[in-house]
Amino acid sequence: MRIENFKIEDWMNKYESSAKYDLSGTCIKPLSINELLNLCEIKDITPVLERSLDYGDIKGSDRLKNAIKSLYENQENENIIVTHGAIGANQLVFLSLLQPQDEVISVLPVYQQHYSIPEACGANVKKVFLKEENDWILDIEDLKKVISSKTKLICLNNPNNPTGALISDDKMLEIVELAKQNDAWVLCDEVYRGLNFSDKKYSLSVADIYDKGISVGSMSKTYSLPGLRVGWICANNDFIEEVVHHREYNTISVSILDEFFAAIALENKEKISKRNFEILNKNKKVLESWLSENKNLSCVLPHAGTTVFLKYNKDISSEDFCRNLQEETGVALLPGKALELDGYVRLGFCNSHDVLKIALEKISDFIAKL
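About the criteria used
Residues numbered from 1 in each chain as written. Predicted model: local features only at pLDDT ≥ 70, side-chain atom pairs only at ≥ 80, totals over all residues. Heavy atoms only, no water. Axes fitted to C-alpha atoms, helices over the stretch in contact; angles between N-to-C directions. Helix = DSSP H or I, 4+ residues; strand = E, 2+ residues; numbered from the N terminus. Parallel < 35°, antiparallel > 145°, perpendicular 65-115°, else oblique. Left-handed = near helix turned anticlockwise from the far one by under 90°. Contact = heavy atoms within 4.5 Å. Nonpolar A, V, L, I, M, F, W, Y, C, P; charged D, E, K, R; others polar. Pairing = 2+ DSSP bridges. Salt bridge = Lys/Arg side-chain N within 4 Å of Asp/Glu carboxyl O. Buried < 20%, exposed > 50% of the residue type's maximum accessible area, 1.4 Å probe, protein only. Arc of directions from axis to C-beta. Patch = residues over 30% accessible without salt bridge, like charges linked within 9 Å, V, L, I, M, F, W, Y side chains within 5 Å. Areas by Shrake-Rupley, 256 points an atom, 1.4 Å probe, with all protein chains shown as cover. Expected span 1.5 Å × (residues − 1). Polar contact = N/O pair within 3.5 Å; in protein donor to acceptor, adjacent residues only side chain to side chain. Core = buried A, V, L, I, M, F, W, Y, C linked by side-chain atoms within 4.5 Å. Phe/Tyr/Trp six-rings, centres within 6.5 Å; stacked < 30°, edge-to-face > 60°. Lys NZ or Arg CZ within 6 Å of the ring centre and 35° of its normal.

### Re the packing of helix α12 (residues 269-293) against helix α14 (residues 353-369)
Here's step 1: Running from N to C, α12 and α14 cross one another at 15°; their axes reach a closest spacing of 10 Å. By the criterion of interaxial angle, the relationship of α12 to α14 is roughly parallel. Crossing handedness for the pair α12 and α14: right-handed. Here Lys 282, Asn 283, Val 286, Leu 287 and Trp 290 of α12 come into contact with α14, specifically with His 353, Leu 356, Lys 357, Leu 360, Glu 361, Ile 363 and Ser 364.
Here's step 2: For the contact of α12 with α14, a count of residues per class yields 6 nonpolar, 3 polar and 3 charged.

### Quick look at the sheet that holds strand β10 (residues 307-312)
Sheet strands associate in pairs through backbone hydrogen bonding, adopting either a parallel or an antiparallel arrangement.
Here's step 1: With antiparallel pairing, 4 strands are arranged side by side in an open sheet as β9-β10-β13-β12. Each end of this open sheet is capped by a strand with a single partner; those strands are β9 (297-298) and β12 (334-335).
Here's step 2: Pairing of β12 with strand β13 (residues 344-348), which is carried by 2 bridges, proceeds in the antiparallel orientation. Across the sheet, Leu 334 pairs through a bridge with Arg 346, a residue of β13.
Here's step 3: Those strands touched by α12 are β9, β10 and β13, and its axis lies near 10° from that of β10.

### A look at the pattern of salt bridges
Here's step 1: Tallying each qualifying case throughout the model produces 17 salt bridges.
Here's step 2: A salt bridge links Glu 141 to Lys 144; the shortest N-O distance between them is 3.5 Å. Taken together, the residues span about one helical turn, with Glu 141 and Lys 144 both in helix α7 (residues 140-146) at a distance of 3 residues.
Here's step 3: The class for Lys 144 is partly exposed, based on a relative accessible area of 44%.
Here's step 4: Glu 278 is the partner of Lys 274 in a salt bridge, and the nearest nitrogen-oxygen pair spans 3.0 Å. Here the residue Lys 274 and the residue Glu 278 both occupy positions in helix α12, the gap between them amounting to 4 residues, near one helical turn.

### So, helix α4 (residues 62-69)
In an α-helix, one turn spans 3.6 residues, which is why side chains three or four residues apart end up on the same side.
Here's step 1: Within α4, the full set of buried residues consists of Leu 64, Lys 65, Ala 67 and Ile 68. Along the axis of α4, the buried positions cluster into a sector of 155°, meaning they face one direction only.
Here's step 2: Elements in contact with the buried residues of α4: β2 (80-84), β8 (230-234) and α11 (256-267).

### Considering a nonpolar patch on the surface
Here's step 1: A contiguous nonpolar surface patch, about 310 Å² in accessible area, is contributed by Tyr 55, Ile 58 and Ile 252.
Here's step 2: Locating Tyr 55 in the fold gives a position in the loop between α3 (46-49) and α4.

### Quick notes on helix α5 (residues 85-97)
Here's step 1: Counted at 1.5 Å a residue, the expected span for α5 with its 13 residues is 18 Å, and the 19 Å between its end C-alpha atoms agrees.
Here's step 2: Along α5, 10 of the 13 residues are buried, which leaves the element largely enclosed by surrounding structure.
Here's step 3: Three or more residues of α5 are buried, namely Gly 85, Ala 86, Gly 88, Ala 89, Asn 90, Leu 92, Val 93, Phe 94, Ser 96 and Leu 97.

### As for the side chain of Asn 157
Here's step 1: For Asn 157, the location among the structural elements is in strand β5 (residues 151-157).
Here's step 2: Under the relative-accessibility criterion, Asn 157 is labelled buried at 9%.
Here's step 3: A polar contact of 2.8 Å, which involves the side chain of Asn 157, links it to the backbone nitrogen of Asn 161.
Here's step 4: A polar atom in the side chain of Asn 157 sits 3.0 Å from the backbone oxygen of Asp 189.
Here's step 5: With sequence-adjacent residues up to four places away left out, Asn 157 is seen in contact with Val 110, Asp 189 and Tyr 192.

### Some words on the nonpolar core
Here's step 1: Counting residues in each nonpolar core, the largest one holds 96 residues, and the members touching the most others are Ile 233, Phe 321, Leu 347 and Ile 363.
Here's step 2: Among the elements that take part in this core, α12 stands out by supplying 7 residues, more than any other.
Here's step 3: In this view, Ile 233 contacts Asn 79, Ile 80, Ile 81, Thr 83, Ala 89, Leu 92, Val 93, Ile 214, Ser 215, Val 216, Ile 240 and Val 243; residues no more than four positions away in its chain are not counted.
Here's step 4: With 30 residues, the next largest nonpolar core counts Ala 67, Ala 207, Met 219 and Phe 261 among its residues.

### Structural notes on the sheet that holds β5
Here's step 1: Here 7 strands make up an open sheet; going across it, the order is β2-β8-β7-β6-β5-β3-β4 and the pairing mixed. Here the strands that pair on one side only, and so sit at the sheet edges, are β2 and β4 (124-129). Mean inter-strand twist for the sheet, computed between neighbouring axes without regard to direction, equals 20°.
Here's step 2: Judged from the 4 bridges that link them, strand β7 (residues 213-218) and β8 form a sheet pairing that is antiparallel. The residue of β8 that forms the bridge with Ser 218 is Gly 231.
Here's step 3: Relative to β4, helix α6 (residues 113-120) is tilted by about 165°, and along the sheet it contacts β3 (103-108), β4, β5 and β6 (185-189).

### Focus: the packing of aromatic side chains
To describe a pair of aromatic rings, you give the distance between the ring centres and the angle between the ring planes.
Here's step 1: This structure, assessed with the given rule, holds 9 aromatic pairs.
Here's step 2: The interplanar angle of 80° and the centroid separation of 5.3 Å between the aromatic rings of Phe 260 and Phe 261 together place this pair among those described as edge-to-face. Side by side, Phe 260 and Phe 261 carry an identical accessibility label, which is buried.
Here's step 3: Among the aromatic side chains, those forming a connected cluster through ring pairs are Trp 136, Phe 309 and Tyr 344.
Here's step 4: Sitting above the plane of the Tyr 72 ring, Arg 193 keeps its charged end 5.0 Å from the centroid.

### Quick word on the side chain of Asn 161
Here's step 1: Mapped onto the secondary structure, Asn 161 falls in the loop between β5 and α8 (169-181).
Here's step 2: Looking at Asn 161, the relative accessible area reads 9%, which means it is buried.
Here's step 3: Only 3.1 Å separates the side chain of Asn 161 from the side chain of Arg 346, close enough to count as a polar contact.
Here's step 4: Aside from chain neighbours lying at most four places away, what touches Asn 161 is Thr 26, Pro 109, Val 110, Tyr 192, Thr 307 and Arg 346.

Structural data, given as structure tokens:
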């Protein structure tokens with residue numbers, strides 16, 4: 001199967017490890033194992049230390065699925081399957097659902113899986129771009145222009161990476177109603193769910209409101225544990241069984257160690273959320289103050305998530321901008337071209353507070369010299 005180069009991952013593989021001030025990532029400062037255990041007040045991990053390193057539960061342990069279930073309103077263990085990160089979850093969704101010539105709508109900017117894997121499967125992919133003038137919120141009229149009775153799948157990301165835009169619950173219900181009218185599935189990559197900057201931290205999950213809704217989640221972003229490589233899919237029973245069929249070819253089971261620590265984290269999600277929102281809110285204030293003082297950059301402030309999508313007013317490609325910035329200052333950003341929108345850069349504002357402040361100052365100096 002031929003597939004396009006993964007622009008984001010190619011860039012990150014080349015530049016992330018050499019960055020002195022990394023603002024290219026999207027995870028809230030990852031927890032160490034000791035930090036996780038201390039935060040969750042876990043004193044004894046003897047059960048996992050004494051367990052043989054055999055295969056884990058094929059579809060995911062009941063303990064972990066019980067913890068995942070608590071994130072949703074209408075899901076049971078049989079509606080959940082554990083995967084190798086959200087990246088594994090998304091791939092399994094596409095491989096389980098799509099056939100050549102199927103029609104897929106993908107909303108961009110988004111993680112490239114959402115359009116390149118369907119294209120590689122032989123699907124006819126229609127791309128709908130979010131617009132800055134709409135605050136990066138999906139325009140239902142744009143969706144209506146491309147959807148038809150032939151549409152098999154609509155792919156969304158909510159909250160959105162890289163823009164920090166948030167589809168409201170009312171608008172998500174509108175999208176679902178449009179999907180129902182055309183008998184289309186809806187995949188919503190919800191890896192930033194739980195990071196809304198409002199009193200309601202968790203938005204509606206598409207799997208809770210639509211029988212043909214597929215929700216993908218992960219331990220990486222909201223829970224600061226990307227190294228665990230644990231994700232999941234929530235969907236109706238029949239679709240989950242189809243996923244199992246494909247999953248047997250590439251996963252067998254997720255590591256029992258990863259599942260153990262993921263279960264601990266989700267059982268204590270309020271404690272992790274408190275820690276992470278302290279980081280988010282503190283850093284977001286620094287970001288907003290910096291933007292108010294920098295006239296060479298503009299953006300729609302994020303309503304959720306860990307990233308902001310910055311537009312700069314210099315005549316330079318986003319790749320050259322990011323490459324030159326890192327070479328001269330050590331600051332890493334992601335070029336918008338990797339997300340199919342040149343003229344922008346993605347900035348992750350959830351690294352340590354001190355790193356963020358230093359990096360923003362260096363970006364200002366760099367832009368002033370262009």
